[in-house]
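Coordinate inspection notes
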Amino acid sequence: MTGTVTGPTAGRATGSVTGHLPGHLPGHLTGHRGGPTEGDLAATGPEGADAAQERLRRWRLVLGGDSGDGTGHALRGRDAAMDGALTSLYGKGDTPRPGRDRAAGLGASAPAVARWLGDIRTYFPSSVVQVMQRDAIDRLGLATLLLEPEMLEAVEADVHLVATLLSLNKAMPETTKETARAVVRKVVDDLEKRLATRTRATLTGALDRGARTGRPRHHDIDWNRTIAANLKHYLPEHRTIVPERLVGYGRASRSVKKEVVLCVDQSGSMAASVVYASVFGAVLASMRSVDTRFVVFDTSVVDLTDQLDDPVDVLFGTRLGGGTDINRALAYCQSRIARPAETVVVLISDLYEGGIRDEMLKRVASMQAAGVRFVTLLALSDEGTPAYDREHAAALAALDAPAFACTPDLFPEVMAAAIERRPLPIPDAG
């Protein structure tokens, strides 16, 4: 079962990894400074001895086994191996300060790290392995080891690993790039399987509903709108409505009905959003009723629309890091809009603008005045509440262009609402 190990500041109980522990921490013990001790066993009867021993074992795994954990409990077998894997990453003492030696370490050699990666995949579930890998990259500076093909083959692939690989793309040797693409391909394929079907279904419905007809076939009648349009023809004596005018869903034709522009901030803080945006960009580009443009930017602007048939190519065409010039990116997007009233522009950015703020806001107002539906997503990821420029977000909200974070699962509904020009399903900030 899964417990929570939260890091090295006081044993392992106050840091950053969610650990896979053999049992639950007892709720009545979670406020204790140290765990129960071997002496506590004397206070239990025969039936309680095993339960007390199990509590000691769990506390020992959580606290890390230094002299202050207070359990006096020794680990053996699988427990000892699991504890060793945690200790290699999180150590036993305080988080090291600048200028001090680290308490944790995986050794200097790639083979040692590869063995450790294999160990954690043995002892912990995939979701925990991904967290531990991210912590190893952040705490121990292992990013450069990902440039070795053998290391890439050992890691658990996820969105965050893809983001790290993309940030290392320019430094990656040719011998590693093929392996890196395979890792990225696996993550992208998994995301497409999870997100594509629902996205296409949701947006196809929105596009069909957006094309109304006054002479619908029976199975195309929009009954809600038909009833609303004929309420004045209600016959009380028959308790029915005689519809003089039918309102129906039109069938989206093969010609382009809507234009969608994804304008994606590729600064380092937006890494996960770039990964998800590329997948959604490829899905939208596969729909014949949508003309999709995919633009990434930092202080420069790159149009990757011609690579949307393969999101992996899109990702390797990005350049994570650098500054931010939202105004320049929006100027480029605006110049490519041919039918404003049929266009949705989605800006995905934390809004930390390095360009001309007032010009950016004027440009958004100008696009909206021309009929463009403008949507601002502060993040497109599952990472929770993002950091963002609140002043710029408030300024956009004043222009009736609210900025909010969006999970990948919510994105299809956001796009459907934008296409139909309905109120956006903005998540509750609370």
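Structure's up top.
Described below are features of the structure shown in this document. Values in this document were obtained by computation on a predicted structure and should not be read as measured data.

1. What to know about the packing of helix α6 (residues 159-167) against helix α9 (residues 271-285)
Running from N to C, α6 and α9 cross one another at 105°; their axes reach a closest spacing of 9 Å. With respect to α9, the element α6 is oriented roughly perpendicular. Between α6 and α9, the residues in contact are V159, V162, A163 and L166 and A271, A272, V275 and Y276, respectively. A class-by-class count of the residues in the contact of α6 with α9 yields eight nonpolar, no polar and no charged.

2. Things to note about the environment of A196
Note that A196 resides in helix α7 (residues 174-209). Separated by 86 residues in sequence, A196 and A282 have C-alpha atoms that sit 9.2 Å apart. Those residues in contact with A196 that sit more than four places away from it in its chain are L191 and V283.

3. Some words on the sheet that holds strand β5 (residues 258-265)
Strand order in the open sheet made by the six strands is β7-β6-β5-β8-β9-β10, with mixed pairing throughout. On the outer flanks of this sheet lie β7 (301-303) and β10 (403-406), each paired with one strand and no other. On average, each strand axis in the sheet is inclined to that of its neighbour by 25°, with strand direction left out of account. In terms of strand pairing, strand β6 (residues 290-297) meets β7 through three bridges, oriented antiparallel. Pairing of V295 across the sheet is with D303, part of β7.

Conventions we followed
- Residues numbered from 1 in each chain as written.
- Predicted model: local features only at pLDDT ≥ 70, side-chain atom pairs only at ≥ 80, totals over all residues.
- Heavy atoms only, no water.
- Axes fitted to C-alpha atoms, helices over the stretch in contact; angles between N-to-C directions.
- Helix = DSSP H or I, 4+ residues; strand = E, 2+ residues; numbered from the N terminus.
- Parallel < 35°, antiparallel > 145°, perpendicular 65-115°, else oblique.
- Contact = heavy atoms within 4.5 Å.
- Nonpolar A, V, L, I, M, F, W, Y, C, P; charged D, E, K, R; others polar.
- Pairing = 2+ DSSP bridges.

Everything listed here is a matter of geometry and, on its own, says nothing about what the molecule does.
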